[in-house]
2 protein chains.
Amino acid sequence: MRLTHEQFRELAAKHGLAVTHQRQVVYEAVIASHGHYSPEDIYAAVRRRIPSISLATVYNNLRLFIECGLLREVTPHASTLRVDGNLEPHHHLVCSRCKSVQDIEGDFIDLKRLSRQLPVGFDLTQPLIEVFGLCRSCSAKK
Amino acid sequence: MRLTHEQFRELAAKHGLAVTHQRQVVYEAVIASHGHYSPEDIYAAVRRRIPSISLATVYNNLRLFIECGLLREVTPHASTLRVDGNLEPHHHLVCSRCKSVQDIEGDFIDLKRLSRQLPVGFDLTQPLIEVFGLCRSCSAKK
DNA sequence: CCATTATTTTATACTGATTATTATTCAATA
DNA sequence: TATTGAATAATAATCAGTATAAAATAATGG
Ligand SMILES: [Mn+2]
Ligand SMILES: [Mn+2]
Ligand SMILES: [Zn+2]
Ligand SMILES: [Zn+2]
């Protein structure tokens, strides 16, 4: 499942990125991981192939890849804690760009289908959903 | 919409919390905010009524209220960035306790109903959903 | 109401994740 | 191959949040 240098070269060209050895190895480490890992995890994996690489380079390139759409960010939230005093069951709409949160109501989840897809043991007693998209002002800007 | 001292006293008793002035004011600030605010935001609001309050007290009490179920946490994610190399459209199951992330597939979203509930201008071009619950090992422990 | 004890608050130090800075090295390209 | 702009590495700085310990306050029993 490892990309050849040629394949990465094409991807980079498509997005206007310079091809560096570090970039290639960082990208391949994420693709090979098949999971949802942190920059530190990726750093540890990449260091096995490039012991001299800097953690900052891993961060820089992960951010770059996310911006270009080569990778997906799994935690597209505000980076700080947010609290909600509204205990009525309700879901949230989160803006992927500005991280704002709005309430959303309504039964738009097919619980039957969802349950069918759940791995065994996963407890969904009170399902809480977040839907990501772009809020009004962010989609207007873009 | 402000709680009386008597009402907060009851809530605290129900959860075995000592009643302090700081606690009452922090709680009321969240309830009065009608939004999804950060500890710093709450701190700023509370300082208007208790100028000498410490930021640590705000953090302590917000955490306490979340644990007791008096407040809901809006950002129940791992506190560090996570990346995903899988660009196929798919959703995520997130464990509210250990923050692990699993992929989940399947059409369990009623897009018609969801669209009906969306505020105007919200761009849901490629809907990404996160479903929160307890993973197998965390629900077993509990 | 007062004294005792447990809890809470404050002030401050500390940690971990991430970003900024800058000198050096490297990739693109002519 | 030489030039030049971009990327990297090393390191300092920042920011959110947590830990610690002394001082203040709340709960409890007389
Ligand atoms: Mn809400
Ligand atoms: Mn995934
Ligand atoms: Zn937005
Ligand atoms: Zn878990």
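Residues numbered from 1 in each chain as written. Chains lettered and ligands numbered in written order. Predicted model: local features only at pLDDT ≥ 70, side-chain atom pairs only at ≥ 80, totals over all residues. Heavy atoms only, no water.

Peer 1: If you had to explain helix H3 (residues 39–47) of chain A to someone new, which residues and values would you point to?
Peer 2: Along H3 of chain A, the residues that are buried comprise Pro39, Ile42, Tyr43 and Val46 of chain A. End-on, the buried residues of H3 of chain A take up no more than an arc of 105 degrees, which puts them together on one face. (Buried < 20%, exposed > 50% of the residue type's maximum accessible area, 1.4 Å probe, protein only. Helix = DSSP H or I, 4+ residues; strand = E, 2+ residues; numbered from the N terminus. Arc of directions from axis to C-beta.)

Peer 1: Before we move on, could you go through the relation of the copies chain A and chain B and cite the residues and values that matter?
Peer 2: When chain A is fitted to chain B, the residual RMSD is 0.2 Å, and the transformation amounts to a turn of 179 degrees plus an axial shift of 0.0 Å. What the superposition gives is, in effect, a two-fold axis relating one chain to the other. Interface overlap between copies: 100% of the residues of chain A at the interface are likewise at the interface in chain B, consistent with a symmetric, same-surface contact. (Least-squares fit on C-alpha atoms with pLDDT ≥ 70 in both. Contact = heavy atoms within 4.5 Å.)

Peer 1: For the interface of chain A and chain B, give the residues involved together with the corresponding values.
Peer 2: Listed per partner, the contact involves 64 residues of chain A and 64 residues of chain B. Summing both sides of the interface, chain A and chain B together bury roughly 5,800 Å²; the carbon and sulfur share of this comes to 62%. The largest share of the area that chain A buries against chain B comes from Arg72, Leu81 and Val83 of chain A, three residues that together contribute 15% of it. Connecting chain A to chain B are 0 salt bridges. At the junction of chain A and chain B, the tally comes to 30 residue pairs in polar contact (both at pLDDT 80 or more). Ranked by residues supplied to the side of chain A that touches chain B, first place goes to strand S5 (residues 123–134) of chain A with 10 residues. (Buried area = accessible area lost by both parts, 1.4 Å probe. Salt bridge = Lys/Arg side-chain N within 4 Å of Asp/Glu carboxyl O. Polar contact = N/O pair within 3.5 Å; in protein donor to acceptor, adjacent residues only side chain to side chain.)

Peer 1: Outline the coordination of the manganese ion (ligand 1), listing residues and values.
Peer 2: Around a metal, the idealised angle for a tetrahedral arrangement of four donor atoms is 109.5 degrees; for an octahedral arrangement of six donor atoms it is 90 or 180 degrees. At 2.0 to 2.3 Å from the manganese ion (ligand 1) lie its protein donor atoms, namely Asp84 of chain A (OD), His90 of chain A (NE2), His92 of chain A (NE2), Asp103 of chain A (OD) and His36 of chain B (NE2). Here the residue His92 of chain A occupies a position in strand S3 (residues 91–95), and Asp103 of chain A occupies one in strand S4 (residues 101–104), the gap between them amounting to 11 residues. (Donors = N, O, S within 2.8 Å, 3.2 Å for Na, K, Ca; no water.)

Peer 1: Please give an account of the sheet that holds strand S4 (residues 101–104) of chain B that cites residues and values.
Peer 2: As summarised here, the arrangement of the 6 strands in space is S4(A)-S3(A)-S5(A)-S5(B)-S3(B)-S4(B), forming an open sheet in which the pairing is mixed. Looking at the sheet topology across the chains shown, the edges are occupied by S4 of chain A together with S4 of chain B. Across the sheet, the mean angle separating the axes of adjacent strands is 30 degrees when strand polarity is ignored. The sheet contact formed by S3 of chain A and S4 of chain A spans 4 bridges and is antiparallel. (Pairing = 2+ DSSP bridges. Axes fitted to C-alpha atoms, helices over the stretch in contact; angles between N-to-C directions.)

Peer 1: Just give me the short version of the pattern of salt bridges, but keep the residues and values in it.
Peer 2: All names here are of chain A. Under the criterion given, the structure shown has 6 salt bridges over all chains. The closest approach of N and O atoms between Arg49 and Glu28, which form a salt bridge, is 3.1 Å. Separated by 21 residues along the polypeptide, Arg49 in the loop between H3 and helix H4 (55–68) and Glu28 in helix H2 (residues 21–33) bring together distant segments of the chain. Residue Arg49 is classed as partly exposed on the basis of its relative accessible area, which comes to 40%.

Peer 1: Explain the coordination of the manganese ion (ligand 2) residue by residue, including any values.
Peer 2: Only His36 of chain A (NE2), Asp84 of chain B (OD), His90 of chain B (NE2), His92 of chain B (NE2) and Asp103 of chain B (OD) from the protein coordinate the manganese ion (ligand 2), and they sit 2.1 to 2.3 Å from it. Here the two residues Asp84 of chain B and His92 of chain B agree in accessibility, since each one is buried.

Peer 1: Tell me about the protein's contact with DNA strand D, residues and numbers included.
Peer 2: In the vicinity of DNA strand D there are 15 residues, among which Thr20, Gln22, Thr57 and Leu81 of chain A together with Tyr59 of chain B approach most closely. Expressed as a percentage, the sugar and phosphate content of the atoms of DNA strand D within 4 Å of the protein is 95%. One nitrogen or oxygen atom from the side chain of Arg23 of chain A is found 3.2 Å from a phosphate oxygen belonging to DNA strand D. For the surface near DNA strand D, the elements supplying multiple residues, two or more each, are H2 and H4 of chain A together with helix H4 (55–68) of chain B. For the surface near DNA strand D, the residue count by class is 6 nonpolar, 7 polar and 2 charged. (Near = heavy atom within 4 Å. Nonpolar A, V, L, I, M, F, W, Y, C, P; charged D, E, K, R; others polar.)

Peer 1: Explain H4 of chain B to me, and be specific about the residues and the numbers.
Peer 2: A rise of 1.5 Å per residue sets the reference length of H4 of chain B, with its 14 residues, at 20 Å; its end C-alpha atoms lie 20 Å apart and thus fit the reference within 8%. Tucked inside the fold, the buried residues of H4 of chain B contact strand S2 (83–84) of chain A together with helix H1 (5–14), helix H2 (21–33), helix H3 (39–47) and strand S1 (72–73) of chain B. The N-cap residue of H4 of chain B is Ser54 of chain B: its side-chain oxygen and the backbone nitrogen of Ala56 of chain B are 3.0 Å apart. Positive phi shows up at Gly69 of chain B, right after H4 of chain B, with a value of about 90 degrees. (Expected span 1.5 Å × (residues − 1).)

Peer 1: If you had to explain the protein's contact with DNA strand C to someone new, which residues and values would you point to?
Peer 2: Residues in close proximity to DNA strand C total 18 residues, the closest being Tyr59 of chain A together with Thr20, Arg23, Thr57 and Leu81 of chain B. Of all atoms in DNA strand C that approach within 4 Å of the protein, 92% are sugar or phosphate atoms. Measuring from a phosphate oxygen of DNA strand C, one finds a side-chain N or O atom of Asn61 of chain B at 3.5 Å. Within the residue set of the surface near DNA strand C, elements represented by two or more residues are H4 of chain A together with H2 and H4 of chain B. When residues in the surface near DNA strand C are grouped by element, the largest group, 3 residues, is from H4 of chain A. Class assignment for the residues of the surface near DNA strand C results in 8 nonpolar, 8 polar and 2 charged.

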